[in-house]
Every structure is written in structure tokens, then in C-alpha cells.
Amino acid sequence: MLLTPGPTPVPEFIRKAMSELTIHHRTKEFELIFENTRKLLLEILDMPEAIILASTGTGAMEACVTNLTHKKALVINSGKFGQRFTKICEAFNISHIEIKNEWNTAVKVEDVIEIIKQDKDIDAIYIQICESAGGLRHPYEQIAKEVKKINKNIMIIADGITAIGVERVNSSNLDAIITGSQKAFMLPPGLSMIGLSLEAVKKLKAKPSGYYLNLASELKKQKTNTTAYTAATTLIIGLKHMLEHMKNIGFENIYKKTKLRANATRKALIEIGFDIYPKTPADAMTTVYTEYSNEIRKILKTKYNVSIAGGQDHLKGLILRINHMGLVEDFEASWIVNAIELTLDELQIRTFDGQANKIFSNIMFKGKV
Ligand SMILES: *Cc1c(COP(=O)(O)O)cnc(C)c1O
């Protein structure tokens, strides 16, 4: 059972859809597939424009940094993925500053406002909606709203790789939303998507940048339902099937269920003695702090057949991250809290009494809070 917050398992109907013969990308047949995928993508992103790239999420992050920063970037860094925006700026010699916080701490709206008031060169802000390194949620809506009040020309670029498909993202003050294939969309890695505002489109057209990750030339092609270079046809077919499936279930129904699952898991783990790591948790995953992270993960894998994630860098061996993104089955979500409780018993940390699963089930299935 794969319950890591990315990659997520690829469901059978997607694997089947992607097992058809490869079709040529410069055909009416593929253009129609692309058109339908693009429409659904615009709908879930709730943005006027979108681009699909043949890269993992980091490619889309790089494309946004190089195409949407003309002067100076402000990077919100509360973890590995925030830090990645800074590393991209460094790689391209793009002027930037950072607001750095511990991985369990969201950026303060006031800190962002203070910096943009002081430094008039900043023309783009890069932020994660959910910083996956610690399962932390940033107050991106308030930041975007307050920044736009001060200067509507500052681009707000939100990395929503672990937010799109998880919760309803408020795109009203965002200029770009980045997402990728291997998280909530349950596809193999290799595809990234960027939603764009009309202001962002204007800005990237004004000063086109790069070659393969040139968003101006790519967008021009994609508006006609084709791609500048060979399209990742198989993955795009997978994306189309997943978006159709999600729309059939209802995007709102998925968001509601994911929220409930996250809440039930969190409460169940608190009940058996864990502390939630992030001060403001996102619903994409549950992250708990524990010095027994490695031991717990090892028993979970070998004895109970579940794979969850640990931490990286200074959080190595100190956190557990359990995925809630995508179409997680109820029996999977309920099994993981039970398996963790059994593991605590095995490690002689806490005697098993079924309390985790009881709390989980009461919240998930009996409507208790
Ligand atoms: C997974 C992830 C990415 C993208 O990483 P890739 O390995 O390039 O797909 C970016 N941001 C966040 C918040 C992520 O969780």
C-alpha cells in the first residue's frame, strides 16, 4: 500500500487508458484529446489560461521563475520546496530575497507586506500553498490579497502541486498556479501544469525567456491544442481520464472527503500520543513528529505492507508523512492509523487498544467531530 505524499499509486483505469498504442501528436485525434484535457484543466485550476509541460513539477517551477521574474523575486522558504525556488533563482542569476522560517512555521502576511513595501524591485512572489516538506499550509490567499492591494503588478506564483485536487484553491489574486502529475492526479511522474492569469500572460509575452521552457511560445501553440515540441501524449491521455473521473465524482466532493480523511487521521494519531508537526497543517498529508520515525516506518513496511514517508534533511528520522491526496480508499486510510497503533505496541511505546481506528471511524463514518 503506497501512502507517501507523492508519488501516489496509479489507479487501474488510468494504467489501462495509458496502455493503448502511442498516437502521433500532430493529428486531429490528439488535438481533440488535448482540447478536452485543457478545458478540464482550466476548470480545476480556475484560471483563464493553462500550459501543460513535459517535465516534473520542478520544470514548471523553473519556467515560472525564468518567465515571470523581470526584476527581483521574493521566495517564501519554509521547507525543501520553497528552498528550491531560491536555488532556481541562483542557477539563473536572478536577483532574489527569501523569507525563511522553520519547516513547521508558515510565513506571516505582515512579513511579506513589510518586505514588498521596502523593496520596490520585487515583481514576483513565490510561495507553496502546501509546503510538502513538513505538510505545512501557507496563508497564500491573504498574502495574495494584501500584496495586490499594494501593487497589482507583483506576480503571485503559487506552487499548488500538493493543493490542486486536494482543496478548492482560491485563484482570485494568483497569477500562476503550478501543479504536477504524480500527486493528487495519481499519474506517473513526468507532467506539470501551470495555470496563468491574463496579467501573467501579458508579462511573459512582453519579455519571452528560455527555449524549451519558453512559456510564451508554448502557450501560443497550446491555445491551438497542440504543443511546441512533441507532446507527452500517453501522460496527457492519462490526465484527461483522471480529470474526467474527478469531475464525475465532483471536485467539491473530493475536497470534502479529503478534508474529512485528513481530520480523522490527525485526530486518531493525536489520540495515540503523536504531536502534529506543522502549526498550520495542510490537508494533503498528515505529518507527525516522532523520534521513532525510522523504526515505525520499517515495521509498517515489513509487517503491515504500508509505505509512508519520513522527513528530509534536518527532519530525517523525525517525522512521518501520510498521504491524503487523490482517490485514497477508506479501507487504506483506516488501515494506516490501525497499523501505526499496532506498531507502537510492538515498539513498546503504547499498549494497543484500537483507539486510533475508533476515533478515525467515528469521524470518517459516523459524522462525529
Ligand atoms: C512534489 C512537489 C514538487 C515537484 O517536485 P518534482 O519532483 O519535480 O515533481 C514541487 N513542489 C511541491 C510542494 C511538491 O510537493
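Description of the structure in this document. The shown structure was predicted, so the numbers you read here are calculated from the model rather than taken from an experiment.

### Some thoughts on the overall build of the chain
Across its full length, the chain holds 13 helices and 12 strands. For the chain, the C-alpha radius of gyration of 21 Å lies close to 21 Å, the compact-globule estimate for 369 residues. Here the C-alpha coordinates of the chain stretch approximately 65 × 55 × 35 Å along the principal axes. Looking at the chain as a whole, 59% of its 369 residues are labelled buried. Summing over all exposed atoms, the chain offers an accessible surface of approximately 15,700 Å²; the carbon and sulfur share of this is 51%. In the chain, 48 positive and 41 negative side-chain charges are present, and the distance between their average locations comes to 3 Å.

### Quick word on the nonpolar core
Taken as a class, soluble globular proteins show a tendency for nonpolar side chains to be buried jointly. Counting residues in each nonpolar core, the largest one holds 54 residues, and the members touching the most others are Ile-44, Leu-74, Val-112, Ile-125, Val-147 and Phe-185. Leaving out residues up to four positions away in the same chain, Leu-74 has contacts with Ile-97, Glu-98, Ile-99, Val-112, Ile-115, Ile-116, Ile-122, Ala-124, Ile-125 and Tyr-126.

### Concerning the site of the ligand
Around the ligand sit 14 residues in total, of which Thr-56, Thr-58, Ser-132, Asp-159 and Lys-183 are the nearest. Interatomic distance of 2.8 Å between a side-chain N/O atom of Gln-182 and an oxygen atom of the ligand. Protein contacts shield 88% of the accessible area of the ligand, which totals 380 Å² for the unbound molecule. Of all elements in the fold, only α3 (57-68) and α4 (80-91) reach the threshold of two or more residues within the shell around the ligand. Ranked by residues supplied to the shell around the ligand, first place goes to α3 with 3 residues. Of the residues contributing to the shell around the ligand, the split by class is 4 nonpolar, 7 polar and 3 charged.

### Quick notes on empty space enclosed by the protein
For the structure shown, the criterion picks out 4 cavities of 30 Å³ or more. Space inside the largest cavity adds up to approximately 110 Å³. Lining the largest cavity are 13 residues, and of these Ile-52, Leu-53, Ala-54, Thr-227 and Thr-230 lie nearest its centre. Going through the elements one at a time, β1 (49-53) and α8 (215-222) are the ones with two or more residues in the lining of the largest cavity. Considering only residue class, the lining of the largest cavity consists of 9 nonpolar, 3 polar and 1 charged. As a volume, the second largest cavity reaches approximately 70 Å³. Lining the second largest cavity are Glu-43, Ile-44, Leu-45, Asp-46, Ile-164, Gly-165, Glu-167, Arg-168, Val-169 and Tyr-255. At 3 residues, the largest contribution of residues to the lining of the second largest cavity is made by helix α2 (residues 28-45).

### Focus: the side chain of Ser-192
In this structure, Ser-192 sits in strand β9 (residues 192-196). Ignoring any residue separated from it by four or fewer positions in sequence, one finds Ser-192 in contact with Ile-51, Ile-52, Leu-53, Ser-55, Thr-56, Gly-57, Ala-60, Thr-179 and Gly-180.

### Description of the sheet that holds strand β12 (residues 319-323)
Judged by pairing direction, the sheet is antiparallel, and its 3 strands sit side by side in the order β10-β11-β12 without closing on themselves. A strand with exactly one partner marks an edge of an open sheet, and here the two such strands are β10 (275-276) and β12. Summarising the sheet, β10 and strand β11 (residues 285-289) pair through 2 bridges and their orientation is antiparallel. Across the sheet, the residue bridging to Asp-275 is Tyr-289, located in β11.

### Describing the pairing of strand β7 (residues 155-159)
With 5 of its 5 residues buried, β7 lies for the most part within the structure. The alternating pattern of β7 places Met-155, Ile-157 and Asp-159 on one face and Ile-156 and Ala-158 on the opposite face, and all of these are buried. Both β7 and strand β8 (residues 176-180) contribute to a ladder of 3 bridges, which runs parallel. Counterpart to Ala-158 in the pairing with β8 is Ile-177.

### Details of the sheet that holds strand β2 (residues 72-77)
Pairing is mixed across the open sheet formed by 7 strands, whose spatial order is β1-β9-β8-β7-β4-β2-β3. Lying at the two open borders of the sheet, with one neighbouring strand each, are β1 and β3 (96-100). Sheet twist, expressed as the average angle between the axes of neighbouring strands with direction ignored, equals 20 degrees.

Reading guide: rules and limits
Residues numbered from 1 in each chain as written. Predicted model: local features only at pLDDT ≥ 70, side-chain atom pairs only at ≥ 80, totals over all residues. Heavy atoms only, no water. Helix = DSSP H or I, 4+ residues; strand = E, 2+ residues; numbered from the N terminus. Rg over C-alpha atoms; globule rule 2.2 N^0.38 Å. Buried < 20%, exposed > 50% of the residue type's maximum accessible area, 1.4 Å probe, protein only. Areas by Shrake-Rupley, 256 points an atom, 1.4 Å probe, with all protein chains shown as cover. Lys, Arg positive; Asp, Glu negative; His and termini not counted. Charge placed at Lys NZ, Arg CZ, Asp CG, Glu CD. Core = buried A, V, L, I, M, F, W, Y, C linked by side-chain atoms within 4.5 Å. Contact = heavy atoms within 4.5 Å. Near = heavy atom within 4 Å. Polar contact = N/O pair within 3.5 Å; in protein donor to acceptor, adjacent residues only side chain to side chain. Nonpolar A, V, L, I, M, F, W, Y, C, P; charged D, E, K, R; others polar. 1 Å grid on protein atoms, 1.4 Å probe; cavity = no way out; pocket = protein on both sides within 12 Å on 5 of 7 lines; lining within 4 Å. Points joined across faces, edges and corners; volume = space filled by probe spheres on them. Pairing = 2+ DSSP bridges. Axes fitted to C-alpha atoms, helices over the stretch in contact; angles between N-to-C directions.

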